[in-house]
Amino acid sequence: MANPSRQAVNFAAPRRFATAFKADCKETFFPDDPFHEMKHEKPLNKLKKTIQYFIPLFEWLPNYNLRLFRYDLLAGITITSLAIPQGISYAKLASIPPIYGLYSSFIPPFVYSIFGSSKHLAVGTVAACSLLLSETVGAKASPQDDPTLYLHLIFTATFFTGIFQTALGFLRLGILVDFLSHSTITGFMGGTAIIICLQQLKGMFGLIHFTTHTDVVSVLGAVFRHRNEWRWESAVVGIIFLAFLQFTRYLRQKRPKLFWVSAIAPMVVVVVGCFFAFFAHAEKHGIQIVGELKKGLNPPSIQYLNFDPQYLPVTVRAGLITGLIAMAEGIAIGRSFAIMKSEQTDGNKEMIAFGFMNIIGSFTSCYLTTGPFSKTAVNFNAGCRTAMSNVVMGFCMMLTLLFLAPLFRYTPLVALSAIIMSAMLGLINYDEMIHLFKVDKFDFVICMAAFLGVSFISMDVGLMLSVGLALLRALLYVARPAACKLGKIPNSSLYRDTEQYPGSTPIQGVLVLQLGSPIYFANSTYIRERVLRYIKEEQGVSDSKTDIIEHLLLDLSGVSSIDMTGIETFLELRRILDSKGIKLSIVNPRIEVLEKMTLAKFTDAIGKESFYLSIEDAVQNCRFSLHSSKTTMEEC
């Protein structure tokens with residue numbers, strides 16, 4: 001006899017496959033449901049909003065005014081003062097001629113301003129990807145022995161980066177970026193900062209010969225092997241520049257309103273370095289300079305893309321790895337600054353914008369660009385309001401390339417080394433690593449795998465080690481899902497984990513278990529064994545003659561999906577429970593789970609009366625059943 005007050009579970013006919021598949025795809029690829037607001041719009045307005053959605057420029061430009069431009073103009077000029085020395089420095093890090101670093105800050109900003117969704121992101125080259133390109137492509141073509149081939153392969157790798165990023169954006173696969181966890185990025189950036197800083201010892205000591213490897217042991221070995229090339233003049237100048245840059249960073253931290261001092265400091269170092277090198281004839285004292293920088297805008301490079309099968313594997317590999325890192329870094333930085341203004345950025349739009357930047361960049365003598373932290377922070381602090389600040393930077397870089405580029409030929413390499421080292425020292429987040437150790441030891445291990453792997457092996461190996469550990473952790477969560485026993489909170493209808501709430505009371509003759517993850521072939525056996533172990537623990541002994549549990553309630557409200565192996569496991573569990581005289585009941589299965597159970601005839605096998613809408617409803621019915629059973633036994 002059933003409890004008359006029981007609420008009925010809705011056993012609606014399962015949705016068609018096409019309907020369910022469409023809903024799953026929508027939730028996976030369009031979680032923000034961008035077209036919901038357009039549903040009832042007129043066709044013309046719907047077209048307008050669709051264009052605005054896919055091309056953000058048309059969303060903010062119609063409302064743009066002179067008041068906003070004043071802020072963006074100041075921000076654009078400020079980030080240009082940082083883009084010039086960084087462009088030259090990071091091109092040196094990528095082992096390509098410095099002028100290509102300036103080229104890479106001209107075309108990409110215009111592209112991003114059209115397709116990018118962030119108001120604060122300032123685009124440009126980044127140190128980590130510059131070094132990674134040099135390491136990966138340099139293993140196949142030497143930048144010293146065959147600089148032309150090496151440069152062409154860099155353009156080709158940038159092209160593949162753009163194709164990869166654009167494809168991910170159009171396919172709405174921003175979810176892939178989530179596999180680079182916060183712990184991985186923290187460790188990777190820290191390890192990268194270490195090896196980049198050590199690599200700058202070549203410029204600081206004025207070394208001529210050096211290693212092509214990036215790991216700590218190889219770099220330090222090369223530094224000490226060539227002690228005969230050390231120049232104290234270069235070291236003194238480098239230390240002075242580095243001390244000045246670090247002082248401006250310290251000043252910015254103490255007085256945030258003076259951020260502009262830190263922003264223009266690299267440009268000051270370059271200008272002072274140029275004057276010093278020119279008037280002191282620095283080259284005669286072992287202080288190397290950048291050399292000739294040609295005046296003029298970006299020449300086309302589409303004809304230099306190299307798809308020779310001999311080099312294709314290395315360019316594709318370099319493009320994919322650097323593309324993923326650049327994408328993760330740029331999206332994370334854009335989101336971080338958007339949160340400060342209670343705004344949002346669209347990861348998929350950002351991927352498309354980065355992809356177009358790099359595709360067009362590879363056609364116009366640019367190498368990989370994304371959203372660097374330092375430049376974005378300066379852009380944000382300078383008060384930018386829209387992506388117009390990138391347009392201003394692009395025009396400023398155009399004027400630099402047309403008229404000012406040759407003036408930077410006297411830039412000392414030691415000045416560029418100081419600029420890179422100063423920027424990298426800010427990327428080693430010791431506090432975050434300590435915080436990870438205190439909060440989650442496994443996250444700390446993931447972070448250290450990236451940090452030590454990058455530092456002592458190579459950048460790509462360190463990244464893969466860290467991502468591998470993160471995936472292993474995720475698989476462990478899937479294979480060993482959390483389950484808990486529920487008890488009733490006194491004087492309420494709430495049921496909570498008995499371990500978390502020791503004051504909760506068990507229900508006589510009823511065991512309530514809550515499962516909290518999808519049930520798949522990988523974890524179904526574990527779930528079955530864990531449920532039976534809960535029963536054994538509750539009984540106190542394994543002898544079925546002393547059973548005190550008569551009802552098992554499985555709360556599936558946290559189970560998002562189930563496969564056929566999971567359903568078979570439930571059928572097997574039911575047979576085992578029947579042999580022990582225990583009745584299995586299901587509480588609040590979600591629509592996806594209930595549909596699978598209906599199609600697999602599981603609901604018919606255990607009876608629809610064994611499904612309940614809530615734990616309280618199920619417990620009341622079990623008590624009613626236990627009371628009826630007890631009354632029947634007494635009458636007999």
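The shown structure was predicted, so the numbers you read here are calculated from the model rather than taken from an experiment. (Residues numbered from 1 in each chain as written. Predicted model: local features only at pLDDT ≥ 70, side-chain atom pairs only at ≥ 80, totals over all residues. Heavy atoms only, no water.)

This part is about empty space enclosed by the protein. One pass over the full model with this rule turns up four cavities of 30 Å³ or more. Considering only enclosed or pocket space, the largest cavity measures out at about 70 Å³ in volume. Mapped onto the lining of the largest cavity, the elements with two or more residues apiece are α9 (182-199) and α14 (312-340). Top element by residues in the lining of the largest cavity is α9. It accounts for four residues. Split by residue class, the lining of the largest cavity holds seven nonpolar, one polar and one charged. Taken as a whole, the second largest cavity holds about 60 Å³ of empty space. (1 Å grid on protein atoms, 1.4 Å probe; cavity = no way out; pocket = protein on both sides within 12 Å on 5 of 7 lines; lining within 4 Å. Points joined across faces, edges and corners; volume = space filled by probe spheres on them. Helix = DSSP H or I, 4+ residues; strand = E, 2+ residues; numbered from the N terminus. Nonpolar A, V, L, I, M, F, W, Y, C, P; charged D, E, K, R; others polar.)

We now examine the side chain of Ser-301. Mapped onto the secondary structure, Ser-301 falls in the loop between α13 (259-279) and α14. Ser-301 gets classed as buried once you look at its relative accessible area, which sits at 0%. A polar contact is formed between the side chain of Ser-301 and the backbone oxygen of Ser-362, at a distance of 2.6 Å. Of the polar contacts made by the side chain of Ser-301, one reaches the backbone nitrogen of Ser-365; its length is 2.8 Å. Every residue in contact with Ser-301, bar those within four places of it in the chain, is listed here: Phe-155, Gly-361, Ser-362, Phe-363, Thr-364 and Ser-365. (Buried < 20%, exposed > 50% of the residue type's maximum accessible area, 1.4 Å probe, protein only. Polar contact = N/O pair within 3.5 Å; in protein donor to acceptor, adjacent residues only side chain to side chain. Contact = heavy atoms within 4.5 Å.)

Nonpolar side chains in soluble globular proteins tend to end up buried together. Counting 114 residues, the largest nonpolar core has Ile-96, Phe-188 and Met-424 as the members making the most contacts within it. Beyond its immediate stretch of four places on either side in the chain, Ile-96 contacts Ala-91, Tyr-150, Leu-151, Ile-154 and Tyr-367. Ile-549, Leu-552, Leu-577 and Met-597 belong to the second-largest nonpolar core, a separate cluster that totals 30 residues. (Core = buried A, V, L, I, M, F, W, Y, C linked by side-chain atoms within 4.5 Å.)

With that out of the way, let us pick up the packing of helix α4 (residues 66-93) against helix α16 (residues 373-381). Taken N-terminus to C-terminus, the directions of α4 and α16 make an angle of 160°; their axes are 9 Å apart at the nearest point. Relative to α16, the element α4 lies roughly antiparallel. Remark: the crossing between α4 and α16 carries right-handed chirality. Each of Ala-75, Thr-78, Ile-79, Leu-82, Ala-83 and Gln-86 in α4 lies in contact with α16, whose residues at this interface are Ser-374, Lys-375, Val-378 and Asn-379. (Axes fitted to C-alpha atoms, helices over the stretch in contact; angles between N-to-C directions. Parallel < 35°, antiparallel > 145°, perpendicular 65-115°, else oblique. Left-handed = near helix turned anticlockwise from the far one by under 90°.)

What follows deals with a nonpolar patch on the surface. On the surface, Val-217, Leu-452, Phe-456, Ile-457 and Leu-465 cluster together into a nonpolar patch covering about 470 Å² of accessible area. As for its placement among the helices and strands, Val-217 is situated in helix α11 (residues 216-225). (Patch = residues over 30% accessible without salt bridge, like charges linked within 9 Å, V, L, I, M, F, W, Y side chains within 5 Å. Areas by Shrake-Rupley, 256 points an atom, 1.4 Å probe, with all protein chains shown as cover. Salt bridge = Lys/Arg side-chain N within 4 Å of Asp/Glu carboxyl O.)

Below, the discussion takes up the pairing of strand β1 (residues 483-488). Relative to strand β3 (residues 510-515), β1 runs antiparallel, the two sharing four bridges. Its bridge partner being in β3, Lys-485 is matched across the sheet by Leu-513. Examined bridge by bridge, β1 and strand β2 (residues 495-497) share three bridges and lie antiparallel to one another. Counted as the bridge partner of Gly-487 is Arg-496 from β2. If you look at the hairpin formed by β1 and β2, you'll find six residues sitting between the two strands, and Asn-491 has a positive phi there, around 60°. (Pairing = 2+ DSSP bridges.)

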